Amino acid sequence: MGPRRFVVGGLYGEDRLVGDWVVSIETFERLFTEQLDTFVLVRGAEGVSPHVLQRAVSAAVADFPGLDVQDQAAFREKQAGFVDQLLGLVTALLLLAVIIALAGIANTLGLSVLERTREIGLLRAVGMTRRQVRSMVRWESVIIAAFGAVLGLVVGLGFGVALQRALAAEGLTELAVPWARLGVSVVLAGLAGLLAAMGPARKAARLDVLEAVAYE
């Protein structure tokens with residue numbers, strides 16, 4: 001089509017919604033033969049309420065059922081829905097990782113109890129009760145789970161800050177850290193550690209003292 005001359009009507013700051021430049025509809029229809037609009041912005045005349053404008057636009061595109069007429073609030077909500085879907089997927093993957101981590105903690109504690117059979121037997125022989133044995137194993141599990149949660153939060157915060165700074169030029173200018181939710185996550189990790197320790201703690205408490213002391 002060759003070069004074209006245009007008169008600059010105004011300048012604006014960075015806008016990820018409309019892009020780097022804007023032309024009139026007449027210019028667009030004249031120069032672009034393949035028109036595949038993602039969305040079209042409509043501004044009402046002065047004095048026209050948003051509800052009246054939306055009804056008028058809906059009536060104008062009634063013959064095109066594939067089109068969706070939205071106001072600003074609905075558009076923001078739809079865009080936020082895409083983010084919510086992504087967060088839902090990440091949450092599901094996170095839950096799967098938590099389940100695997102709990103299985104790993106239970107397996108580690110089970111092996112620890114097996115390897116420390118004689119030690120546990122000696123502790124029982126010098127006066128440690130079954131309840132104290134269960135408490136010892138449970139606290140080990142809580143420490144492992146809490147340490148893993150804190151380490152994961154530190155690494156996650158580091159990656160989050162780095163990602164936000166890398167995408168600041170793309171419009172991601174605000175960094176919000178949900179400290180309360182992160183604190184609750186650490187507490188829940190400790191409770192999950194208690195859950196993972198139920199089996200190994202019960203096994204350690206039920207060891208026969210004489211057999212445990214004689215265990216090689």
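You'll find the structure just up there.
Caption draft 1: How the structure looks around the overall build of the protein chain. If you tally the helices and strands in the protein chain, you get eight helices and zero strands. The secondary structure elements of the protein chain, listed N-terminal to C-terminal, are α-α-α-α-α-α-α-α. Taken over the C-alpha atoms alone, the protein chain extends approximately 95 × 35 × 30 Å along its principal axes. Across the 216 residues in the protein chain, those meeting the buried criterion constitute 14%. At a minimum sequence separation of 6, the contacts of the protein chain that also span at least 24 residues come to 65%.

Caption draft 2: Main features of the side chain of R116. As for its position among the elements, R116 is in the loop between α3 (72–115) and α4 (117–125). For R116, the contacting residues outside a window of four places in its chain are M136 and E140.

Caption draft 3: Quick look at the pattern of salt bridges. Counted under the stated rule, the structure contains two salt bridges. R116 serves as the salt-bridge partner of E119, at 3.5 Å between the closest nitrogen and oxygen. By relative accessible area, which is 39% here, E119 ends up partly exposed. Of the charged contacts, one joins E140 and R116 as a salt bridge, the two residues approaching to 2.9 Å between their closest N and O atoms. Here R116 lies in the loop between α3 and α4 and E140 lies in helix α5 (residues 130–166), a separation of 24 residues in the sequence. Note on E140: relative accessible area 23%, which makes it partly exposed. Taken together, the shared-partner salt bridges in this structure form one network comprising R116, E119 and E140.

Caption draft 4: Local environment of the nonpolar core. In terms of nonpolar packing, the biggest core is built from 12 residues, these being I105, L109, V113, I120, V133, M136, V137, A145, A196, A197, A201 and A204. At the level of secondary structure, the elements contributing two or more residues to this core comprise α3, α5 and α7 (198–205). Sort the elements by how many residues they give to this core and α5 lands first, with four residues. Every residue in contact with A196, bar those within four places of it in the chain, is listed here: L102, I105, A106 and S141.

Caption draft 5: Examining a positive patch on the surface more closely. Residues R130, R131, R138, R202 and R206 make up a contiguous surface patch of positive charge. At three residues, the largest contribution of residues to the positive patch is made by α5. You can see R206 is positioned in the loop between α7 and α8 (209–213). The exposed category is assigned to R206, whose relative accessible area is 63%.

Caption draft 6: Up close: the layout of surface pockets. Taken as a whole, the largest pocket encloses approximately 1800 Å³ of empty space. Lining the largest pocket are 39 residues; nearest its centre among them are T38, F39, V40, L41 and V42. Among the secondary structure elements, those contributing two or more residues to the lining of the largest pocket are α1 (25–31), α2 (50–60) and α3. Element by element, the count of residues in the lining of the largest pocket is highest for α3, at five residues. Class assignment for the residues of the lining of the largest pocket results in 21 nonpolar, 11 polar and seven charged. Roughly 1300 Å³ of internal volume is contained in the second largest pocket. Around the second largest pocket, the lining is made up of 27 residues, and of these V90, L94, L153, L182 and S185 lie nearest the centre. Going through the elements one at a time, α3, α5 and α6 (179–196) are the ones with two or more residues in the lining of the second largest pocket. Top element by residues in the lining of the second largest pocket is α3. It accounts for 13 residues.

Caption draft 7: Looking closely at the side chain of R124. With respect to the element layout, R124 can be found in helix α4. The charged side chain of R124 is buried without a salt bridge, its nearest counter-charge being D208 at 8.2 Å. At 2.9 Å, the side chain of R124 forms a polar contact with the backbone oxygen of M128.

Rules of the game
- Residues numbered from 1 in each chain as written.
- Predicted model: local features only at pLDDT ≥ 70, side-chain atom pairs only at ≥ 80, totals over all residues.
- Heavy atoms only, no water.
- Helix = DSSP H or I, 4+ residues; strand = E, 2+ residues; numbered from the N terminus.
- Buried < 20%, exposed > 50% of the residue type's maximum accessible area, 1.4 Å probe, protein only.
- Contact = heavy atoms within 4.5 Å.
- Salt bridge = Lys/Arg side-chain N within 4 Å of Asp/Glu carboxyl O.
- Core = buried A, V, L, I, M, F, W, Y, C linked by side-chain atoms within 4.5 Å.
- Patch = residues over 30% accessible without salt bridge, like charges linked within 9 Å, V, L, I, M, F, W, Y side chains within 5 Å.
- Areas by Shrake-Rupley, 256 points an atom, 1.4 Å probe, with all protein chains shown as cover.
- Lys, Arg positive; Asp, Glu negative; His and termini not counted.
- Charge placed at Lys NZ, Arg CZ, Asp CG, Glu CD.
- 1 Å grid on protein atoms, 1.4 Å probe; cavity = no way out; pocket = protein on both sides within 12 Å on 5 of 7 lines; lining within 4 Å.
- Points joined across faces, edges and corners; volume = space filled by probe spheres on them.
- Nonpolar A, V, L, I, M, F, W, Y, C, P; charged D, E, K, R; others polar.
- Polar contact = N/O pair within 3.5 Å; in protein donor to acceptor, adjacent residues only side chain to side chain.

It is worth stressing that arrangement in space is one thing and function is another; only the former is reported here.
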